[in-house]
Amino acid sequence: EAFEQLSIIWELMGDAQKAFETQKLCISILNPRSMHAHGYNQISGDMDARALMNAEVGNATQLGVSQTALNSWRRYANLAVKTGDYVTALNALQQIIKLDPEDDDTRWDQAMLYNEQLGRPTRAVTILEEMRERRPTDVTLLTSIARLNHQIGKHDKATEAVQ
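Please read these numbers as outputs of a predicted model, since none were measured by experiment. (Residues numbered from 1 in each chain as written. Predicted model: local features only at pLDDT ≥ 70, side-chain atom pairs only at ≥ 80, totals over all residues. Heavy atoms only, no water.)

Looking at this structure, how should I read the environment of leucine 6?
Checked against the element boundaries, leucine 6 lands in helix H1 (residues 2-12). Take leucine 6: its relative accessible area is 35%, and that puts it in the partly exposed class. Placed 17 residues apart in sequence, leucine 6 and glutamine 23 show a C-alpha to C-alpha distance of 8.4 Å. (Helix = DSSP H or I, 4+ residues; strand = E, 2+ residues; numbered from the N terminus. Buried < 20%, exposed > 50% of the residue type's maximum accessible area, 1.4 Å probe, protein only.)

What follows is the structure, given as structure tokens:
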């Protein structure tokens, strides 16, 4: 908790990079397996897909995952975005989703990051389509799916999304 507070102080002082590094330390203390056993490659910053698929995580409540841990991952993702480390942000968001698969807000953030920061609207559409299965009447979601499909030239899918 002290590192979490220090990270907040660094951010309030305007040093997002130090806040990010301190938050990374906080994450590794809260769950040391999270950055290594689940396949986090600190050299490339990538998550090994097999490690993610085999990670022993599930519904946050069912596993007794603390809200503190989820909030720490969320803060880590936000700080990664602020410092321009989008790959780390995506990795952190993926950890949140693995801990709490029903967290569509995090999926939304993940999709927007793919589209707006990484220029990968096709990946964003895939994520939003997965959400659509659970939220078929969400107008904001359907509009975003249509907009992104239009952006990538899939006009028939764009029309289908808003009908």
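In this structure, what is going on with the nonpolar core? I would like to understand it.
Here is a general trend for soluble globular proteins: nonpolar side chains tend to be buried in one another's company. Membership of the largest hydrophobic core comes to 30 residues, with the highest contact counts inside it found for Trp73, Tyr76, Ala111 and Leu128. Among the elements of the structure, helix H2 (16-30), helix H6 (67-82), helix H7 (86-99), helix H8 (104-117), helix H9 (121-134), helix H10 (139-151) and helix H11 (155-162) are those that each provide at least two residues to this core. (Core = buried A, V, L, I, M, F, W, Y, C linked by side-chain atoms within 4.5 Å.)

Would you mind showing me how to read a nonpolar patch on the surface here?
Residues Phe3, Leu6, Ile9, Met13 and Leu25 make up a contiguous nonpolar surface patch of roughly 450 Å² in combined accessible area. The biggest single contributor to the nonpolar patch is H1, with three residues. Position of phenylalanine 3 among the secondary structure elements: in helix H1. Here phenylalanine 3 falls in the partly exposed class, since its relative accessible area comes to 35%. (Patch = residues over 30% accessible without salt bridge, like charges linked within 9 Å, V, L, I, M, F, W, Y side chains within 5 Å. Areas by Shrake-Rupley, 256 points an atom, 1.4 Å probe, with all protein chains shown as cover. Salt bridge = Lys/Arg side-chain N within 4 Å of Asp/Glu carboxyl O.)

Would you take a moment to explain the packing of H9 against H10 for this structure?
Closest axis-to-axis distance for the H9/H10 pair is 9 Å, and the angle between their directions is 150°. It follows that H9 is roughly antiparallel to H10 by the angle criterion. Relative to H10, H9 is oriented so that their crossing is left-handed. Contacts between H9 and H10 involve Pro121, Ala124, Val125, Leu128, Glu129, Met131 and Arg132 from the first element and Leu141, Leu142, Ser144, Ile145, Leu148, Asn149 and Gln151 from the second. Across the contact of H9 with H10, the residue classes tally to nine nonpolar, three polar and two charged. (Axes fitted to C-alpha atoms, helices over the stretch in contact; angles between N-to-C directions. Parallel < 35°, antiparallel > 145°, perpendicular 65-115°, else oblique. Left-handed = near helix turned anticlockwise from the far one by under 90°. Contact = heavy atoms within 4.5 Å. Nonpolar A, V, L, I, M, F, W, Y, C, P; charged D, E, K, R; others polar.)

Please explain the pattern of salt bridges as it appears in this structure.
Between side chains of opposite charge, a pair can form when the charged atoms approach closely. If you walk through the whole model with that rule in mind, you get seven salt bridges. With its nearest N and O atoms 3.4 Å apart, the salt bridge here joins arginine 132 to glutamate 129. Of the two residues, arginine 132 and glutamate 129 both sit in helix H9, three residues apart, roughly one turn of that helix. Three or more residues joined by partner-sharing salt bridges are found here, namely Asp104, Arg107, Arg134, Arg135 and Asp138.

Would you mind showing me how to read the packing of aromatic side chains here?
Given two aromatic rings, one states the distance between the centres and the angle between the planes to describe the pair. All chains considered together, the criterion is met by two aromatic pairs. Measuring from ring centre to ring centre gives 5.2 Å for phenylalanine 20 and tyrosine 76, while their planes differ by 5°; the resulting arrangement is stacked. With phenylalanine 20 in helix H2 and tyrosine 76 in helix H6, this pair connects stretches of sequence that are 56 residues apart. Taking relative accessible area as the criterion, phenylalanine 20 reaches 3% and is therefore assigned buried. According to the relative accessible area criterion, tyrosine 76 is buried, its value standing at 1%. When the centroid spacing of 6.0 Å and the interplanar angle of 65° are considered together, the rings of tryptophan 73 and tyrosine 76 count as edge-to-face. (Phe/Tyr/Trp six-rings, centres within 6.5 Å; stacked < 30°, edge-to-face > 60°.)

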